[in-house]
Amino acid sequence: MAGSLGIRIRMARQRKKMTQGELAAELRVSRSAVGNWESVTGISPSSARLIAIALATEVSYEWLATGRGEPSLCEDWTPAADAELVDDPVERSLLHAFRHARSATRRMVLQMLEARATARM
């Protein structure tokens with residue numbers, strides 16, 4: 001696990017070569033808000049704000065929020081803001097299981113789905 005949430009926010013910002021002010025401007029918050037999130041004061045951004053931070057810094061939301069996995073995104077990632085709302089309970093359950101699966105299992109599922117989609121063309 002990569003330290004506290006504040007440390008991961010700072011790491012994500014620095015990976016993107018952004019200042020606190022630049023990240024604050026992109027998120028439409030004050031620079032001091034970013035500073036507070038990155039400090040050890042225990043002030044944490046909301047889940048919606050964490051998604052915005054992950055999008056702005058182009059890191060994995062799971063890594064940012066929990067420290068699990070890798071901060072890097074795959075080359076063809078789709079921002080959460082562009083995704084459709086999942087309102088089907090079965091689809092939501094499958095998506096939840098997929099997101100909590102190990103990386104190797106996710107790759108295997110994606111390869112299987114890609115092979116099936118390619119076969120339909």
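Residues numbered from 1 in each chain as written. Predicted model: local features only at pLDDT ≥ 70, side-chain atom pairs only at ≥ 80, totals over all residues. Heavy atoms only, no water.

Draft legend 1. Looking closely at the overall build of the chain. The helix and strand tally for the chain stands at 7 helices and 0 strands. Listed N to C, the secondary structure of the chain is α-α-α-α-α-α-α in terms of helices and strands. Classification of the 121 residues of the chain by burial places 24% in the buried group. The contacts of the chain with a sequence gap of at least 6 include a subset with a gap of at least 24, amounting to 49%. (Helix = DSSP H or I, 4+ residues; strand = E, 2+ residues; numbered from the N terminus. Buried < 20%, exposed > 50% of the residue type's maximum accessible area, 1.4 Å probe, protein only. Contact = heavy atoms within 4.5 Å.)

Draft legend 2. Highlighting a nonpolar patch on the surface. Taken together, the side chains of Leu110, Met112 and Leu113 define a hydrophobic patch exposed on the protein surface, amounting to about 310 Å² of accessible area. As for its position among the elements, leucine 110 is in helix 7 (residues 103-120). (Patch = residues over 30% accessible without salt bridge, like charges linked within 9 Å, V, L, I, M, F, W, Y side chains within 5 Å. Areas by Shrake-Rupley, 256 points an atom, 1.4 Å probe, with all protein chains shown as cover. Salt bridge = Lys/Arg side-chain N within 4 Å of Asp/Glu carboxyl O.)

Draft legend 3. The nonpolar core, seen in detail. In this structure, Ile9, Trp37, Ile53 and Leu64 are the most contacted members of the largest nonpolar core, which totals 17 residues. Of all the elements in the fold, those that place two or more residues in this core are helix 1 (5-15), helix 2 (20-27), helix 3 (31-38), helix 4 (47-57) and helix 5 (61-66). Setting aside chain neighbours within four positions, we find isoleucine 9 in contact with Trp37, Glu38, Pro45, Leu50, Ile53 and Leu64. (Core = buried A, V, L, I, M, F, W, Y, C linked by side-chain atoms within 4.5 Å.)

Draft legend 4. Representation of the pattern of salt bridges within the structure. Scanning all chains against the criterion turns up 4 salt bridges. With its nearest N and O atoms 3.3 Å apart, the salt bridge here joins glutamate 58 to lysine 16. Here the residue glutamate 58 occupies a position in the loop between helix 4 and helix 5, and lysine 16 occupies one in the loop between helix 1 and helix 2, the gap between them amounting to 42 residues. In this structure lysine 16 comes out as partly exposed when scored by relative accessible area, which is 34%. Linked through salt bridges whose partners overlap, the residues forming this network are Arg10, Arg13 and Glu38.

Draft legend 5. Main features of the packing of helix 2 against helix 3. Across the interface, helix 2 lies against helix 3 with an axial gap of 8 Å and an inter-helix angle of 110 degrees. Regarding the angle of helix 2 to helix 3, the classification is roughly perpendicular. Between helix 2 and helix 3 the crossing geometry is right-handed. Across the interface between the two elements, Gln20, Gly21, Leu23, Ala24 and Leu27 from helix 2 touch Arg31, Val34, Gly35, Trp37 and Glu38 from helix 3. (Axes fitted to C-alpha atoms, helices over the stretch in contact; angles between N-to-C directions. Parallel < 35°, antiparallel > 145°, perpendicular 65-115°, else oblique. Left-handed = near helix turned anticlockwise from the far one by under 90°.)

Draft legend 6. Inspection of helix 1 at higher detail. Turning to helix 1, its buried residues number three or more, namely Leu5, Gly6, Arg8, Ile9, Ala12 and Arg13. For helix 1, the arc enclosing every buried residue in end-on projection is 165 degrees, short of the 170-degree limit, so these residues lie on one face. As for helix 1, its buried residues are in contact with helix 2, helix 3, helix 4 and helix 5. Remark: lysine 17 follows helix 1 within two positions and exhibits a positive phi of approximately 60 degrees. (Arc of directions from axis to C-beta.)

Draft legend 7. Summary view of the packing of helix 1 against helix 4. At a closest axis distance of 9 Å, the pairing of helix 1 and helix 4 adopts a crossing angle of 30 degrees. In terms of orientation, helix 1 and helix 4 fall into the roughly parallel class. Seen along the crossing, helix 1 lies across helix 4 with a hand that is left-handed. Here Leu5, Ile9, Ala12 and Arg13 of helix 1 lie close against helix 4, whose contacting residues are Leu50, Ile53 and Thr57. Its residues placed into classes, the contact of helix 1 with helix 4 shows 5 nonpolar, 1 polar and 1 charged. (Nonpolar A, V, L, I, M, F, W, Y, C, P; charged D, E, K, R; others polar.)

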